[in-house]
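Read off the chains here:
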Amino acid sequence: MASENTPLLSHGLFSVAADGEKTPHRLSRGTLEDVQSNAPQGPKRRLNTFFGVIVPTVLSMFSIVLFQRVGFVVGHAGLLQGLSMLGVAYFIISLTILSICAISTNGAVQGGGAYFMISRSLGPEFGGSIGLMFFLAKVCACGVYVLGLVEALLAVFGSDPASGQVGGLHVLPQGYWFTVLYASVVLLICLLVCLVGAHIYSRAAFLILLVITGALVTVLVSTLIVGPRAFTISHPSSQNRSETQSYNASYTGFSGTTMQNNLGPGYSVDYSTNQMMSFATVFAVMFTSCTGIMAGANMSGELKNPSVSIPKGTILAVLYTFTVYLVLFLLMSSTCERGLLIGDYGVLQRINVWPPFVLIGMYCASLSAAMCAMIGASRILHALALDELFGLPLAPAAITSKSGNPWVSVLYTWGLVQCTVFAAELNVIASLVTVFYLLSYAAVDLACLALEWASAPNFRPTFQFFSWHTCLLGIVSCLVMMFLINPVYSSASIVMLLLLLLFLHYRSPTSSWGYISQALIFHQVRKYLLMLDVRKDHVKFWRPQVLLMVANPRSSSQLITFVNQLKKGGLYVLGHVQLGDLALLPSDPVQPQFNFWLSLVDKLDVKAFVDITLSPSVRQGTQHLLRITGLGGMKPNTLVMGFYDNSYPDDYFQQDPAFTSDSSKNEDDEFGVDLPSLQAHFGPVRDDGSPRSLAPDEYVGIISDAIKMNKNVCLGRYFHQLDPGVCTEKRGLRTGDGAGCTIDVWPLNPLRPGSSGYADVCSLFLLQMACILNMAGGWRRARIRIFLCAEAQSEDQSWREKEDRFRELLKKLRIRAEIKVVAWDVVVRLLGTDSDTTTTTGHLGELNGLTRPPQPITQEFLSAVNGLLKENSAEATVRFLYLPRPPAASEQYQQYLAQLDTLSRDLGPTLLIHGLTPVTCTEL
């Protein structure tokens, strides 16, 4: 079998299909070399866990907060609230790390890090939108790190230092535009390093980490050997920036009194932004130290073994940074007065045994974090460009150098970061960065939650320390903190995410990644199908579930579209019988046809399933489909077929612009079916030289079989004459509202003029179908007309009483319709009997169970009934007629079909209906 040699994986060794002799598990050494030499060459994976994950993650999480904002957090929030902030932040990122570890250990992880994991889990729409949001978060974070570095530089070298510090060379002019200039220079340095390549930075990052670690050691040592000190803090006045305010603050060394004074919060005005601080604003600044947990994941394209390195390295890096921050919080709160912590961002430099140690560590931390953010953002943008989700605007970002460095995406990132530095203040954009990151973390948790809930068999992560509870808790935590920090930014970011989702959804990007939505839908549908118990069906909630048999959609597309209006949210299946015997064929000819039929469904814009079977005859195939189509409570209860006559149908594909090559780009659809292939698959319509695959007896036999199986039967005739503008309503664009249209219903069997009433099951079924059509788009303003046949000249006027009772029944059934009484005395007389003697009359071979033989139906009578229909329903848009039950004797099948032909000839769009199911209800 051909499938025995199909690939098991989409990457690696088994991505090459075997040729029959070389199966995937029997490749020779030469074949292995061929595979490796022919495989696409991407950037070389050089980084291990330490250099590729631990180092960039630690540097990103230290950043500027480590040396410039620890005192700020403890001073405003106090030790207790500061520790609670630290606990909440690390609790959130810990939940997200569990999700990252689970996803990253479930298969190969390519370049793009978090974006790759989300997009391959949730599909292109959600993955692309979240990927772009995460890219913007990285861009803003890079801006924060650059501005923090500039702030640290100006604190020492600025001509007018905000802190009033007396040391340093105060030579750099200050002001808004000078801050932007210095930030641009720093950003240019980051750009040059990033253009060289990530591997160069990763090696240099280790040296930076050593420098930062050394600076941290000096901080710890300084608290032990430096004695108490007093400082004078000066800042520009909040009312008049030209004036200076000064106050005294002290470093007390380890003191229980100092710690006690720093336990509670003391929120005040931030001297750099002149804004009153709160728990939310301080937490937003502090959380920027937790935005680097995906720095290692974003380097996935350069890692030797990302599935091992990402979880291991990320967890170790987070534990290390948490320990450092915890120690610093305790040290600051027990050695520095609140005024010193609030009044000077550079408090660690003031109390250090040798201040340049802290300066060097601060500059290295900020610069490395900025470069790491720029590299991570450029890798995400490069992955987005390779997936072609946003089309031409990002297309250049897919360009790489010979070594695999995406230098164009680095330039894109640099340009956007350059825009963020115009904020000129770190605290101003800290909230935006935090909101973006929290939204990205929530998306990672959502991806893991969806995979877990979908119960996909191939979701088998080697990392097992997670559950749907941790994923859900992570999502809720991220969303709650987002809105606590800044409701405006949070709402705007979610709106932006939804707009990106809609854009990608309507752009319909092609992907072969798999869609988590399909797995979730399958999981939920299976559950609800089990709950849909057929034993609990009730007439109040009946809806048509239609199996429409289609021989060639070229000649029946109008009927397919019309029946789509009749389903009323029910099951709709297009059935087709392929003639043949599988025992005599080398392979199943049915399976390759499904994509063409599904593409046809997409072209016609109908909500239908497709079911194709292989059978020696159409009759047997239809029986198979009626029995096995659907599942549980969703199985067809109504069979619809086109009418069997000798007319030659029109080719709908030549009439509809959607099927003509002139109006189409002839591009492949998402599943590789282009328009020429679709047209070629469905052969030409029947003409005088084409043999029919279905005999008249077999056609009537199908009707008889369906009735025996308790299925309702509908036969559609002349629907090629139905104006498509009347019976269809495209998405969001009404092409016809039904105004001026009429739906004519003839509920009484015209071949049994002596029937005792109009309210049998079949007649009520006709009324129900007319009401359903009247509810459909394009038919809502159509009028329903019900025709009652009566012998007006007869002495027996009981028909008037029956009419009154019928009107009352329509009122109870909430059916708004116009009733028309048609006198058909002349037609009845053609039977050679009056209404009183026709109560025992059969029709088309049907007996009513009495002993008198049925009155023969003459051609003259049928023509007269046809004339009556034409006279009264000539202007109708569509007609619903009572379909008599076929005769029991197969010898009368051809006569039955001829009588139906005479009855419905030249009427226009007509649906002959035989209903067996009670469908109407007077209850609520």
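Residues numbered from 1 in each chain as written. Predicted model: local features only at pLDDT ≥ 70, side-chain atom pairs only at ≥ 80, totals over all residues. Heavy atoms only, no water.

Some thoughts on helix α2 (residues 49-62)
Given 3.6 residues per turn, any residue in an α-helix points the same way as the ones three and four places further on.
Next up, step 1: Between the first and last C-alpha of α2 there are 19 Å, a value that for 14 residues agrees with the 20 Å anticipated at 1.5 Å per step.
Next up, step 2: Positive backbone phi, approximately 45°, marks Ser-63, located one or two places after α2. (Helix = DSSP H or I, 4+ residues; strand = E, 2+ residues; numbered from the N terminus. Expected span 1.5 Å × (residues − 1).)

Structural notes on the side chain of Ser-557
Next up, step 1: In this fold, Ser-557 is placed in helix α20 (residues 553-566).
Next up, step 2: Here Ser-557 falls in the buried class, since its relative accessible area comes to 0%.
Next up, step 3: In this structure the side chain of Ser-557 is engaged in a polar contact, spanning 2.5 Å, whose partner is the backbone oxygen of Pro-553.
Next up, step 4: Each residue touching Ser-557, except ones within four places of it in the same chain, is listed here: Leu-604, Tyr-652 and Phe-653. (Buried < 20%, exposed > 50% of the residue type's maximum accessible area, 1.4 Å probe, protein only. Polar contact = N/O pair within 3.5 Å; in protein donor to acceptor, adjacent residues only side chain to side chain. Contact = heavy atoms within 4.5 Å.)

Examining the confidence of the model for the protein chain
Next up, step 1: Looking at the protein chain as a whole, its pLDDT mean stands at 81, while 83% of the residues score no less than 70.
Next up, step 2: Segment residues 1-42: pLDDT under 50, and 23 contacts once partners within four positions in sequence are set aside and those in other chains are kept.
Next up, step 3: Of the regions scoring below 50 in pLDDT, residues 833-853 engages in 45 contacts with residues more than four places distant in sequence or in other chains. (pLDDT = per-residue confidence, 0-100.)

Some points on the packing of aromatic side chains
Next up, step 1: What the rule picks out here adds up to 28 aromatic pairs.
Next up, step 2: Geometrically, the ring pair formed by Phe-134 and Tyr-437 is edge-to-face, given 5.8 Å between the ring centres and 85° between the ring planes. Note that Phe-134 is positioned in helix α6 (residues 124-157) and Tyr-437 in helix α16 (residues 426-454), a separation of 303 residues in sequence.
Next up, step 3: Centroid distance Phe-653 to Phe-682: 6.4 Å. Interplanar angle 85°. Geometry classified as edge-to-face. Residue Phe-653 is found in the loop between β6 (638-642) and α23 (675-681), and its partner Phe-682 is found in the loop between α23 and α24 (696-708); the two are separated by 29 residues along the sequence. The two residues Phe-653 and Phe-682 agree in class, both being buried.
Next up, step 4: These aromatic residues form a ring-pair network of at least three members: Phe-134, Phe-279, Phe-283, Phe-287, Tyr-437 and Tyr-441. (Phe/Tyr/Trp six-rings, centres within 6.5 Å; stacked < 30°, edge-to-face > 60°.)

A closer look at the pairing of strand β5 (residues 609-615)
Next up, step 1: Buried residues dominate β5, accounting for six of its seven residues.
Next up, step 2: Note: strand β4 (residues 572-579) against β5, seven bridges, orientation parallel. Within β5, the position partnered with Val-577 by the bridge is Thr-613.
Next up, step 3: Once the chain exits β4 it traverses helix α21 (residues 594-604) before rejoining the sheet at β5, and the crossover so formed is right-handed. (Pairing = 2+ DSSP bridges. Right-handed = clockwise from strand over helix to strand, strands pointing away.)

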